[in-house]
Amino acid sequence: MEAFTTHTGTAVPLRRSNVDTDQIIPAVWLKQVSRTGFEKGLFAAWREDPGFVLNNPAYDGATILLSGPDFGTGSSREHAVWALQQYGFRVVISARFGDIFRNNATKMGLLPVVLDGKVVEELQAAVEADPATPITVDLVEREVRLGSDAWSFEIDDYTRWRLMEGLDDIGLTLRHADQIAAYENGRQPWLPTTV
Amino acid sequence: MGRTLAEKVWEQHVVRRAEGEPDLLYIDLHLIHEVTSPQAFDGLRMAGRSVRRPDLTIATEDHNVPTVLGPIEDPVSKTQVETLRKNAAEFGIRLHPMGDAGQGVVHIIGPQFGLTQPGMTIVCGDSHTSTHGAFGALAFGIGTSEVEHVLATQTLPAYRPKTMAIEVKGELPVGVTAKDLILAIIAKIGTGGGQGHIVEYRGEAVRKLSMEGRMTICNMSIEAGARAGMIAPDETTFAYLKGRPHAPKGDKWDQAVEYWKTLRTDDDAVFDKVVEIDAATLTPYVTWGTNPGQGLPLGEVVPDPAAMTDPTERAAAERALEYMGLTPGTPLREIEVDTVFVGSCTNGRIEDLRAAAEILRGRKVKTRTLIVPGSMQVKLEAEKEGLDKVFQEAGAEWRQAGCSMCLGMNPDTLKPGERSASTSNRNFEGRQGKGGRTHLVSPAVAAATAVTGRLTAPADL
Ligand code: SF4
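Parameters and conventions
- Residues numbered from 1 in each chain as written.
- Chains lettered and ligands numbered in written order.
- Predicted model: local features only at pLDDT ≥ 70, side-chain atom pairs only at ≥ 80, totals over all residues.
- Heavy atoms only, no water.
- Helix = DSSP H or I, 4+ residues; strand = E, 2+ residues; numbered from the N terminus.
- Buried < 20%, exposed > 50% of the residue type's maximum accessible area, 1.4 Å probe, protein only.
- Areas by Shrake-Rupley, 256 points an atom, 1.4 Å probe, with all protein chains shown as cover.
- Lys, Arg positive; Asp, Glu negative; His and termini not counted.
- Charge placed at Lys NZ, Arg CZ, Asp CG, Glu CD.
- Contact = heavy atoms within 4.5 Å.
- 1 Å grid on protein atoms, 1.4 Å probe; cavity = no way out; pocket = protein on both sides within 12 Å on 5 of 7 lines; lining within 4 Å.
- Points joined across faces, edges and corners; volume = space filled by probe spheres on them.
- Nonpolar A, V, L, I, M, F, W, Y, C, P; charged D, E, K, R; others polar.
- Core = buried A, V, L, I, M, F, W, Y, C linked by side-chain atoms within 4.5 Å.
- Pairing = 2+ DSSP bridges.
- Phe/Tyr/Trp six-rings, centres within 6.5 Å; stacked < 30°, edge-to-face > 60°.
- Lys NZ or Arg CZ within 6 Å of the ring centre and 35° of its normal.
- Near = heavy atom within 4 Å.
- Sits in = over half its atoms within 2 Å of the grid points.

Q: What should I look at first to understand the overall build of chain A in this one?
A: For chain A, the helix and strand inventory stands at 8 helices and 10 strands. By residue count, 57% of the 195 residues in chain A fall in the buried class. Just so you have it, chain A exposes about 7,700 Å², and 49% of that area is on carbon and sulfur atoms. Looking at chain A, you have 18 positive and 27 negative side-chain charges, and the mean spots of the two groups are 4 Å apart.

The following block contains the structure:
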């Protein structure tokens, strides 16, 4: 995955709460067996409304999504992350994320940033006033900056390190293959197998 | 200090623990289906990796399959199912394809085979994996990258979520089901109420539930934002498991039960969060909005957003009512539906079908009514009991097993503006078909609603 250190870009204000993954990428898009082409399905139903914020050309090229609370709730579909990334987003900022979405995002290098709901609204208001407003998301400093304002956000050290290095989890885990094998030898004898 | 059930199961599965890193957890069972796995298998192939433990992995076809007999007509769905077949064959994974007696919704077949057991760690690329927590297993949904990780390593790096107790005091009144209880819980704590937590459901009303009812509760933990839901195993659990194909046998059974009995929260253990709910005050619940937290007792009216003080909640309610085509103040009982759906991993088990059949026996449905068993085995069992006849005589459609209208990936969908009473778990916008409007209900309410064409409790008939 692409490493993430610091990113500056413009943002889209999505003034909705409970943006579930069925809205981010509707189920019909989940039939694909490839990992590409999901940008077309991003918010597919909402995009049919000409008034939907992503249809406003002023926000073309934005890379940061500013959403209301409870973003990415619902289904575990990682397609939601792929759709956001393939559309061009590198960061989603919200007051609260669905746990699985947040996990999926960090596996793929899409940065989920938790900021206080009030701050998110401030940021939304700023980009609504001027869509060209650049926002910086600095993972190194764990900080979001707009003009002279800065807000810090929390992310655990390990996930931050992995994102900054762009590391593949599987490769990291396989370094501990010995420990996995040792654990396997001690598993309880009654545990089932599928064969 | 004592430990909670979730902590005990977690600790038992730690392969590796290092300062500043997530725990590496061993996974006892990995369930696979066609939708979230193709890109994971591709990833393995690209990296030249194999599946570490095909013998702890099982696959089924559920999301895309048609619920009428015959082949899959949609070429894209067909490709996805065929891709799963190819992948299962290539990597040596047991698969239950369409038409096979073991096929069904992934969360229904695990328990049915006895593969879901207390104290296990279970994952699947599907958020409703929380269902398996009903057995005292630690079970959670994962994304496709994690599916690939589990396939390659049989482990997952994860931070231990916080723990939360939901204490259900008292007994559920007659006519109030597990589904009503979980809808009431989500309405109380909200769709983010369990976020970052593993929930343990406790208390008298929970202990009295059947395994089917417990699965309904744990299934919808994710709708309250929780990572997983658990219920401590007890005699009800053991009785359900005993004799199932993959349950331990002989001495191993005794050994297992002895261990399973230790899987309960110690009296002096402390949860990070505790919520209490009084079961005795509950009545049948329905949702009126577009997230599962927007629910009320059936006797209430459509709420008025103007009366809501929280601005985010008010905006969400306004939007939901617009989407749902509802006016504040309308009694929920007066809402007319076009379609009734009984099925899904929430309520597609035999007990759910029995509950619906009991109401439909000798009556006629007024709406299009789809009855979709959660698995082939549930279907066969229902047919042995003659439930299929009851449904058909009432005018309902008796279908093949699958996810069906729960998410509308197969042809079973609502048309724009159509309204359903559905026993599934999500009332999101467009979940059951673009523009479709969903009211989540219990199987009993679904069946009563089919009879009158309006949201109805069995007691109203
Ligand atoms: S029945 Fe519904 S919730 Fe359950 S696995 Fe299928 S689509 Fe998901």
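Q: Would you take a moment to explain the environment of V340 of chain B for this structure?
A: All names here are of chain B. Along the polypeptide, V340 turns up in strand β15 (residues 339-342). Residue V340 is classed as buried on the basis of its relative accessible area, which comes to 0%. Once the C-alpha coordinates of V340 and L370 are considered, the two residues, 30 residues apart in sequence, prove to be 6.2 Å apart. Excluding residues that lie within four positions of it along the chain, V340 makes contacts with T367, R368, T369, L370, A421, A446, T449 and A450.

Q: So what exactly am I meant to see when it comes to empty space enclosed by the protein here?
A: Picture a little ball the size of a water molecule; that probe, rolled over the atoms, points out where space is still empty. Residue and element names in this part refer to chain A. Considering all chains together, one arrives at 3 cavities of 30 Å³ or more under this definition. Considered as a void within the structure, the largest cavity measures approximately 210 Å³ in volume. The residue inventory of the lining of the largest cavity, partitioned by class, reads 7 nonpolar, 11 polar and 4 charged. Computed from the structure, the second largest cavity encloses a volume of approximately 100 Å³. Of all the secondary structure elements, the ones that give two or more residues to the lining of the second largest cavity are β5 (71-73) and α4 (99-108). Broken down by element, the lining of the second largest cavity gets its largest block of residues, 3 residues, from α4. Here the residues of the lining of the second largest cavity are counted per class, giving 4 nonpolar, 8 polar and 2 charged.

Q: I tried to follow the nonpolar core on my own but got confused; where do I start?
A: A general feature of soluble globular proteins is that nonpolar side chains tend to end up buried together. Counting residues in each nonpolar core, the largest one holds 90 residues, and the members touching the most others are L151, I166, V168, I185, Y201 and W260 of chain B. With 8 residues, the top contributor of residues to this core is helix α6 (residues 178-189) of chain B. One finds I25 and F38 of chain A together with V390 and A394 of chain B within the second-largest nonpolar core, a separate group that totals 81 residues.

Q: Looking at this model, I keep getting lost on the pairing of strand β8 (residues 155-158) of chain B. Mind explaining?
A: Remark: a regular strand shows side chains that alternate across the two faces of the sheet. Residues and elements named next belong to chain B. Side chains of β8 alternate between two faces, with T155 and P157 and L156 and A158 buried alike. By the bridge criterion, 4 bridges tie strand β2 (residues 23-26) to β8 in an arrangement that is antiparallel. Looking at β8, one finds that L25 is bridged to L156.

Q: How do you make sense of the packing of aromatic side chains when you look at a structure like this?
A: Two descriptors summarise a pair of aromatic rings, namely the distance from one centre to the other and the angle between the planes of the rings. Tallying each qualifying case throughout the model produces 16 aromatic pairs over all chains. With a centroid separation of 5.6 Å and 5° between ring planes, the pair formed by F43 of chain A and W46 of chain A is classed as stacked. Three or more aromatic residues joined by ring pairs make a cluster, and in this case those are F43, W46 and F52 of chain A. For the cation-ring pair, R94 of chain B lies above F113 of chain B, with the distance from its terminal atom to the ring centre recorded as 4.8 Å. Across the ring face of Y240 of chain B, the terminal group of R244 of chain B is positioned such that the distance to the ring centre comes to 3.9 Å.

Q: What is the right way to look at the site of the ligand in this model?
A: Residue and element names in this part refer to chain B. Close contacts around the ligand come from H63, V105, H107, D126, H128, S344, C345, C403, C406, L407, N425 and R431, and that covers them all. Judged by the fraction of its atoms near the pocket grid, the ligand is located in the largest cavity. In the shell around the ligand, the residues fall into 5 nonpolar, 5 polar and 2 charged.

Q: Would you explain unusual backbone geometry in this entry?
A: What is expected of a backbone is that most residues other than glycine have negative phi and most peptide bonds are trans. Here the phi dihedral of R142 of chain A falls at roughly 55°; this positive angle occurs in a residue that is not glycine. Relative to the assigned elements, R142 of chain A resides in the loop between β8 (135-138) and β9 (143-146). With a phi close to 55°, S404 of chain B is a non-glycine residue in the positive phi region. With respect to the element layout, S404 of chain B can be found in the loop between β17 (397-398) and β18 (419-422). A relative accessible area of 0% places S404 of chain B in the buried class.

Treat this as a map of the structure, not an account of what it does.
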